Amino acid sequence: MATHAYYVPPVNLMGRGCIQEASKMIQDMGIRKALVVSDRPLIASGVTEQVLSILRKSGLDYIVYDDVQPNPTCQNVHDGLQVYQEHGCDAIISIGGGSPQDAAKAIGIVATNGGHIRDYEGLHQSQHKSVPLVAFNTTAGTSSEVTINYVITDEERKVKMVMVDKNSLVSLSVNDPELMLSKPSSLTAATGMDALTHAVEAMVTPGGFTVTSATAAAAVELIFEYLPRAVRDGGDLEAREHMTYACFLGGIAFNNAGLGYVHAMAHQLGGVYDLPHGVCNAMLLPYVEEMNAKHVPGKFRHIAKAIGMNVQGKSDEQCSEYVIEAIRQLSKEVGIPEKLSELGVNDLDIELLADNAMKDACAPGNPYQPSKDEVMELFRKII
């Protein structure tokens, strides 16, 4: 029998109002001064302040770094590290979606390991555990707050570097749906489809096993039921809460099973065009899984069942067709664009995008390894 390593943060707070419980846990960690990593839109929206007010009440000293880009860059990481070091910080608190979370994890790794963030591209490249990390999540999508993955854009190479590193795992994650109520529908849709991509890829990858498949299936079921509601009404707290659970479940699934070519290709679109990661995933997902279904149709039966199909008496091919059509319909319902050309992508960069996708750390997790021509054709289908 195969053995499996299973990574998940030691403590994960979930549910309405759980940020109130986080302050006592942070106090117990003995943090002297924290670098708070966030971004300017979150500062402007008042969401960051909701967390900062709790930190102040607990008496925690902190300094804020809020210059994180939507696709965080090497410059962001090293600028944040400079603030961390100059102010004598001994821990990092991230407030945001995937962008601040990834930047914070990268800063923490370089703080304890030295060098440049480029040194840590790939699998488990660091020697030492990050500084203590506390992650307040504000979107139900990326799951960066619970995974050993983070992604940083190398602005010189125009490549999104994927780091998979057990030393980047946070000490405490906080998923409070009340921090997500102000999110616009477009961001809710993009991050929700990102969560769906995590779950689907975790169920299709050869790296999946019973535990990851179970949590991924639960995520799929919740997303199909609650994402349209959260997009229609951002104040629907029940929908928001269930999407935080879906985000968590999908996150711990792919964290331990792996991803595939949806992410491998989406990372390149983000690196070259600086596009929203969740939107890229959503647009690629049905096309990549259509390709995968030709090679591993049996992987889609469990997904179809999670979406709501009565799979009794149905062939694997019928199940995979059902899944792919359901994904397309959900994307359409929540307002995901249909073509990359709407976002400024043109076919001049397709060869570069394909070359880099095939080198991406997520590519080996796909159940089928396509040729360069096949990857280029997949990109062309959505341009």
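The model shown is predicted, which means the values in this text are computed figures rather than measured ones.

Considerations on the packing of aromatic side chains
Argument step 1. All chains considered together, the criterion is met by zero aromatic pairs.
Argument step 2. A cation over an aromatic ring shows up here: Arg328 above the ring of Tyr287, its NZ or CZ 4.9 Å from the ring centre.

Quick look at the side chain of Thr147
Argument step 1. Along the chain, the position of Thr147 falls in the loop between β6 (133-137) and β7 (149-154).
Argument step 2. Residue Thr147 is classed as buried on the basis of its relative accessible area of 1%.
Argument step 3. Leave out the neighbours within four places in its chain, and Thr147 touches Lys105, Ser168, Leu169, Gly251, Phe254 and Asn255.

Some details on the side chain of Ser126
Argument step 1. Mapped onto the elements of the fold, Ser126 is located in the loop between β5 (122-123) and β6.
Argument step 2. At 2.6 Å, the side chain of Ser126 and the side chain of Asp165 are in polar contact.
Argument step 3. Of note is the side chain of Ser126, whose polar atom sits 2.9 Å from the side chain of Asn167.
Argument step 4. Apart from the residues within four sequence positions on either side, Ser126 is in contact with Ile109, Asn113, Tyr120, Asp165 and Asn167.

A short note on the packing of helix α6 (residues 185-204) against helix α7 (residues 210-232)
Argument step 1. Between α6 and α7, the least distance of the axes is 9 Å, while the angle of their chain directions is 160°. Here α7 runs roughly antiparallel to α6, going by the angle between their axes. Two packed elements cross with a definite hand, and for α6 against α7 that hand is left-handed. Between α6 and α7, the contacting residues are Ser185, Thr188, Ala189, Gly192, Met193, Ala195, Leu196, Ala199, Val200, Ala202 and Met203 on the first element and Ser213, Ala216, Ala217, Ala219, Val220, Ile223, Phe224, Leu227, Ala230 and Val231 on the second.

Here we look at the sheet that holds β7
Argument step 1. A sheet is described by the order of its strands in space; here three strands give the open sequence β5-β8-β7, paired in mixed fashion. Strands at the two margins of the open sheet, each flanked by one partner only, are β5 and β7.
Argument step 2. When β7 meets strand β8 (residues 159-164), the two strands line up antiparallel, connected through six bridges. When the bridges of β8 are listed, Thr153 appears paired with Lys160.

Details of the environment of Arg16
Argument step 1. Note on placement: Arg16 falls in the loop between β1 (11-14) and α1 (19-28).
Argument step 2. Under the relative-accessibility criterion, Arg16 is labelled partly exposed at 46%.
Argument step 3. Here the alpha-carbon distance between Arg16 and Ala357, two residues 341 residues apart in the chain, equals 39 Å.
Argument step 4. If we skip the residues at most four places from it in the chain, Arg16 touches Asp176, Pro177, Glu178, Leu237, Glu238 and Glu241.
Argument step 5. A polar contact of 2.7 Å, which involves the side chain of Arg16, links it to the side chain of Glu241.

Overview of the UniProt feature "domain: Alcohol dehydrogenase iron-type/glycerol dehydrogenase GldA" (unreviewed entry) in the chain
Argument step 1. Mapped onto this structure's residue numbering, the UniProt feature "domain: Alcohol dehydrogenase iron-type/glycerol dehydrogenase GldA" (unreviewed entry) falls at residues 11-177.
Argument step 2. Measuring from the first to the last C-alpha atom of residues 11-177 gives 17 Å, for a span that is 34% helix and 26% strand.

Procedures and definitions
Residues numbered from 1 in each chain as written. Predicted model: local features only at pLDDT ≥ 70, side-chain atom pairs only at ≥ 80, totals over all residues. Heavy atoms only, no water. Phe/Tyr/Trp six-rings, centres within 6.5 Å; stacked < 30°, edge-to-face > 60°. Lys NZ or Arg CZ within 6 Å of the ring centre and 35° of its normal. Helix = DSSP H or I, 4+ residues; strand = E, 2+ residues; numbered from the N terminus. Buried < 20%, exposed > 50% of the residue type's maximum accessible area, 1.4 Å probe, protein only. Contact = heavy atoms within 4.5 Å. Polar contact = N/O pair within 3.5 Å; in protein donor to acceptor, adjacent residues only side chain to side chain. Axes fitted to C-alpha atoms, helices over the stretch in contact; angles between N-to-C directions. Parallel < 35°, antiparallel > 145°, perpendicular 65-115°, else oblique. Left-handed = near helix turned anticlockwise from the far one by under 90°. Pairing = 2+ DSSP bridges. UniProt positions renumbered as here; feature names shortened; annotations may be inferred.

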